[in-house]
Amino acid sequence: MIEERTRRLLDVRLARDQAERRLPSVAAGLVRGGELIWTASRGLVSGHDDAGRPDADTQYRAGSITKTFVAAAVLRLRDAGRLSLADPIGDYLDAGAAGQVTIGQLLSHSAGLRAETAGPWWERTPGSSLAELTASSLGGDAARFRPGRRHHYSNVGYGLLGALLAAVHDRPWFDVIAGDLLGPLGMSRTTMRPRQPFAAGFAVHPHADVLLAEPEHDAGAMAPAGQLWTTVADLASWARFLAGDTGGLLAPGTLEEMREPVVIAESTGQPWTAGYGLGLQLWNGGGTRYYGHTGSMPGFIALLQITDAPGSDSAIVMCNSTTGFSRSLGQDLLTLLADREPRCPAEWAPAEAGPDLLGLLGTWYWGPAQFTLRLTGQFLELRQEEPDLGSVRFRRDPDGRWTGIDGYQAGEPLVPVRGDDGTVTALDIGSFIYTRTPYDPAAPVPGGVDPHGWRLAGGHLAMEG
């Protein structure tokens, strides 16, 4: 639990947004260690037992947070070997002119497809069938950019991914995520249409404190892009899942893949602060990385924001206003929690490391540049002895080999090079040779080492021709 003073500050931050942004109602929560440690709400909703006050069990429209469930379900199919992210979507269903874009491109919004449907805005009008969507919106004008060129958010693309789930499983897309994800995670309050208690959606007049009811329809083939209704409590369970506690429903490596940037979401003239992985939005706020998703439907704004760091604190905010809460609210709540209730580091304890592993550690040189290789927990960490250049980590594979997981060396093998006596004389990392001394002539340095060695000629380092 959190201290009362922290709770008060969080309550005030939420109350300020509700008052200043004129939100009919708002509900929020914070998750730490997989537990919902703070919830609060402001405003009123109809049909609620507690005098109209919303709580963590009140449904709001999730909007595009729906996409995170669709993405996880698609990746479960990939992990089961039933499809590849490189497969064209047209291999599985009639996608019109979009048939050649890949499943991976659709997941990351890099397929170049149109953002919205042709004709009336799908979010405020009754939905249509996949065949009607394909005929109206996936003709010759469906492409906005060459596939793979750049990030271009496409709700239409996620309509196709929902249809993919239905085609491969031979049952409706929602039945797939309900059976594979929502049920096992105990998310019984996440549904296709609203169930009491829920908040009705409104627009707030820009110049008067009056409300206009927003419409709500079944979105048909576009439903996978933003149909779901959910609660703060259910999204807390989903935040725990996305932070790594999947209950065996998704491989840890697949979750990491979802969080890896595939494309940058660029705004002309602005620094890059956002990107997209596989079904997850990625943000960089003040040097802290976050992942999750926003959601927007007429009458509703929602946010699931997870700190991309050990412990993975998560913020959930949901309101029933078309214009919604301030863009900084989720990050502000997470920052308040981190500042007021700092995490206690895990207790250090010695680990086991045999002589063979210890023989890899210490100082190494790539050419003249000095590096240090350390064992930190389960990773080998190679750090250059120069400020702000960061480090590269290597993870031990089941076969005992080490593979890079960061930066330039991600995916590259770290191979110890041994001398005749079996001692490690060099490290080969993707053909880069690291030696115990700069340009060690006894090591297999690419191109060899000048036999004259290091020398000074006329006050300057020189090479003999």
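Higher on the page you've got the structure.
Quick summary incoming for the structure in this document. (Residues numbered from 1 in each chain as written. Predicted model: local features only at pLDDT ≥ 70, side-chain atom pairs only at ≥ 80, totals over all residues. Heavy atoms only, no water.)

## As for helix α7 (residues 232-242)
Put simply, the test is: Note on classification: 1.4 Å probe, protein chains only; a residue is buried when its accessible area is under 20% of the maximum for its type, exposed when over 50%, partly exposed between these limits. Where helices and strands are cited, they refer to DSSP runs of H or I of at least four residues and of E of at least two residues respectively, numbered from the N terminus.
Of all eleven residues that make up α7, nine are buried, and the element is covered over most of its length. Of the positions making up α7, those classed as buried are V232, D234, L235, A236, S237, W238, A239, F241 and L242. Once α7 ends, the next one or two residues include G244, with phi positive near 130°.

## Points about a positive patch on the surface
Definition in use: Here, patches come from residues exposed beyond 30% relative accessible area and free of salt bridges, joined within 9 Å for like charges and within 5 Å for nonpolar side chains (Val, Leu, Ile, Met, Phe, Trp, Tyr). Areas reported as accessible are Shrake-Rupley estimates using a 1.4 Å probe. Residue values count occlusion only from the protein chains shown. For this analysis, a salt bridge means a side-chain nitrogen from Lys or Arg found within 4 Å of a carboxyl oxygen belonging to Asp or Glu. When charges are counted, Lys and Arg contribute as positive and Asp and Glu as negative, whereas His and the chain ends are disregarded. By convention, the point assigned to a charge is CZ for Arg, NZ for Lys, CD for Glu and CG for Asp.
Taken together, the side chains of R5, R8, R42, R53 and R340 present a region of like positive charge at the surface. Within the secondary structure, R53 is located in the loop between β2 (35-43) and β3 (60-61). Taking relative accessible area as the criterion, R53 reaches 36% and is therefore assigned partly exposed.

## So, the nonpolar core
Counted only if it meets this: Nine residue types can take part in a nonpolar core, namely buried Ala, Val, Leu, Ile, Met, Phe, Trp, Tyr and Cys, and a core is a set of them joined through side-chain atoms within 4.5 Å.
In this structure, L107, I177, W238 and L242 are the most contacted members of the largest nonpolar core, which totals 80 residues. With 22 residues, the next largest nonpolar core counts L30, Y290, I301 and L337 among its residues.

## Remarks on the pattern of salt bridges
Evaluation of the coordinates by the stated rule reveals 21 salt bridges. Here D209 and R22 are joined by a salt bridge, their closest N and O atoms 2.9 Å apart. Linking D209 in the loop between β4 (202-204) and β5 (211-213) with R22 in the loop between α1 (4-20) and β1 (25-32), this pair joins segments that are 187 residues apart in sequence. In this structure, D313 and R32 form a salt bridge, with 2.8 Å as the shortest nitrogen-oxygen distance. Of the two residues, D313 is situated in the loop between β11 (300-307) and β12 (314-319) and R32 in strand β1; the sequence distance between them amounts to 281 residues. For the pair D313 and R32, one class covers both residues: buried. Salt bridges sharing common partners tie together R13, D17 and D332.

## Some thoughts on the pairing of strand β19 (residues 424-429)
So the rule is basically this: Strands qualify as paired when DSSP identifies two bridges or more between them.
Of the strand pairs in this sheet, strand β18 (residues 413-418) and β19 are connected by five bridges, and their pairing is antiparallel. Pairing of P416 across the sheet is with L427, part of β19. Once β18 ends, the chain turns through five residues before running back antiparallel as β19, passing G422 with a positive phi of about 90°. Summarising the sheet, β19 and strand β20 (residues 432-435) pair through four bridges and their orientation is antiparallel.

## Side note on the sheet that holds strand β8 (residues 274-276)
Strand order in the open sheet formed by eight strands is β2-β1-β12-β11-β10-β9-β8-β7, and the pairing between neighbours is antiparallel. The outermost strands of the open sheet, each flanked by one partner alone, are β2 and β7 (263-264). The pairing of β1 with β2 spans eight bridges and is classified as antiparallel. Pairing of R32 across the sheet is with E35, part of β2.

## What to know about the environment of D313
The cut-off we apply is this: The term polar contact refers here to a pair of N or O atoms within 3.5 Å; inside protein, the definition further demands a hydrogen-donor-capable atom paired with an acceptor-capable atom, and it admits residues adjacent in sequence only when both atoms are side-chain atoms.
Judged by its relative accessible area of 8%, D313 is buried. Between the alpha carbons of D313 and Y290 there is a distance of 9.7 Å; along the sequence they are 23 residues apart. At 3.0 Å, the side chain of D313 and the side chain of R343 are in polar contact.

## Focus on the side chain of Q227
Let me state the cut-off plainly: Between two residues, a contact is recorded if the distance between any of their heavy atoms is within 4.5 Å.
Relative to the assigned elements, Q227 resides in the loop between β5 and β6 (229-230). From its side chain, Q227 meets the backbone oxygen of M192 in a polar contact 3.2 Å long. For Q227, the contacting residues outside a window of four places in its chain are R61, G63, T66, W173, M192, R193, H217, D218 and A219.

## Notes on the side chain of N155
Summarising the element assignment, N155 is placed in helix α5 (residues 155-169). Since its relative accessible area comes to 4%, N155 is described here as buried. Contact partners of N155, with chain neighbours within four places excluded, come to S64, K67, A115, E116, W122, E123, M222 and A225.

## A short note on the packing of helix α2 (residues 66-79) against α5
Definition in use: The convention used is that axes are lines fitted to C-alpha atoms, helices contributing only their stretch in contact, and that angles between N-to-C directions extend from 0 to 180 degrees. For classification purposes, an angle smaller than 35 degrees is called roughly parallel, one larger than 145 roughly antiparallel, one from 65 to 115 roughly perpendicular, and anything else oblique. Definitions for this section: a left-handed crossing has its near helix turned counterclockwise from the far helix by less than a right angle. A right-handed crossing has that turn clockwise. Amino acids are sorted into nonpolar (Ala, Val, Leu, Ile, Met, Phe, Trp, Tyr, Cys and Pro), charged (Asp, Glu, Lys and Arg) and polar (every other residue, Gly among them).
Relative orientation of the contacting elements α2 and α5 amounts to 45°, with a least axis distance of 10 Å. By the angle class used here, α2 and α5 are oblique. The crossing of α2 and α5 is left-handed. Here K67, V70, A71, A73, V74 and L77 of α2 lie close against α5, whose contacting residues are N155, Y158, L161, G162, L164, L165, V168 and H169. Of the residues in the contact of α2 with α5, the class split is ten nonpolar, three polar and one charged.

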